[in-house]
Amino acid sequence: MVTPTPAQDGWPDPAADPTAVWPELWRSHPTLVFPSRPDHPTASGWLPADLASGLDCAPRWLVTIDDRHLAVTAPDGRPWYRGLLLSTRPWRRSARARGELLLVTGPFTHPTEFLPAAHGGRLLCAVADVLLLNCCF
């Protein structure tokens with residue numbers, strides 16, 4: 001289960017079981033987190049975080065990493081995101097070793113809004129295959 005039971009104060013205790021709140025820890029995958037936007041539809045291939053166990057059967061996305069640039073392509077082949085990728089060497093090595101990334105989005109526009117979205121069970125997850133081009137690891 002990804003969404004935890006609320007603690008006495010109404011908020012789940014992330015220290016009790018961090019994998020209960022953070023899907024990227026639960027799945028043990030490198031992760032990309034994107035704020036939801038109208039130009040980033042979440043129809044195909046996305047599942048609520050609490051159903052993340054079914055992600056392997058969902059339509060696959062494609063993430064292309066070319067040096068420091070990132071492109072995310074939806075399962076239907078349409079571009080979903082393009083931009084710079086600021087990542088650490090361990091993250092890139094993990095992406096290469098796994099060959100897939102966990103994508104997380106939800107109703108947040110600022111990092112401080114991510115936690116309430118996670119606690120409220122409003123995150124969506126998708127899995128993407130990774131294509132590496134000209135990458136230094």
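The model shown is predicted, which means the values in this text are computed figures rather than measured ones. (Residues numbered from 1 in each chain as written. Predicted model: local features only at pLDDT ≥ 70, side-chain atom pairs only at ≥ 80, totals over all residues. Heavy atoms only, no water.)

1. Some points on a positive patch on the surface
Defined as follows: Residues forming no salt bridge and having over 30% relative accessible area are the ones grouped into patches, like charges within 9 Å of each other and nonpolar side chains (Val, Leu, Ile, Met, Phe, Trp, Tyr) within 5 Å. Each accessible area is a Shrake-Rupley estimate made with a 1.4 Å probe; only the visible protein chains count as cover when residues are assessed. Here, a salt bridge means any side-chain nitrogen of Lys or Arg that lies within 4 Å of a carboxyl oxygen of Asp or Glu. When charges are counted, Lys and Arg are positive and Asp and Glu negative, with His and the chain ends excluded. A charged residue contributes its charge at one atom only: NZ of Lys, CZ of Arg, CG of Asp or CD of Glu. Working definition: helices are DSSP H or I runs of at least four residues, strands are E runs of at least two. Numbering for both runs from the N terminus.
Judged by side-chain charge, Arg68, Arg89, Arg93 and Arg96 come together as a positively charged surface patch. Counting through the fold element by element, Arg93 comes out in helix α2 (residues 89-98).

2. Looking at the packing of aromatic side chains
Rules: Between rings of Phe, Tyr and Trp, where Trp is taken as its six-membered ring, a pair exists when centres lie within 6.5 Å; planes separated by under 30 degrees are stacked, by over 60 edge-to-face, and by other angles tilted. We call a residue buried when its accessible area falls under 20% of the maximum for its residue type, exposed when it is over 50%, and partly exposed in between, using a 1.4 Å probe and counting protein chains only.
Per the counting criterion, the structure on display carries 6 aromatic pairs. Taking 5.2 Å as the distance between ring centres and 70° as the angle between the ring planes, the aromatic pair formed by Trp46 and Trp61 counts as edge-to-face. Of this pair, Trp46 sits in the loop between β1 (31-35) and β2 (47-48) while Trp61 sits in strand β3 (residues 61-66), and the two are 15 residues apart along the sequence. Both residues of the pair, Trp46 and Trp61, count as buried. Each residue in the set Phe34, Trp46, Trp61, Trp80 and Tyr81 is aromatic and connected to the rest through ring pairs, giving one cluster.

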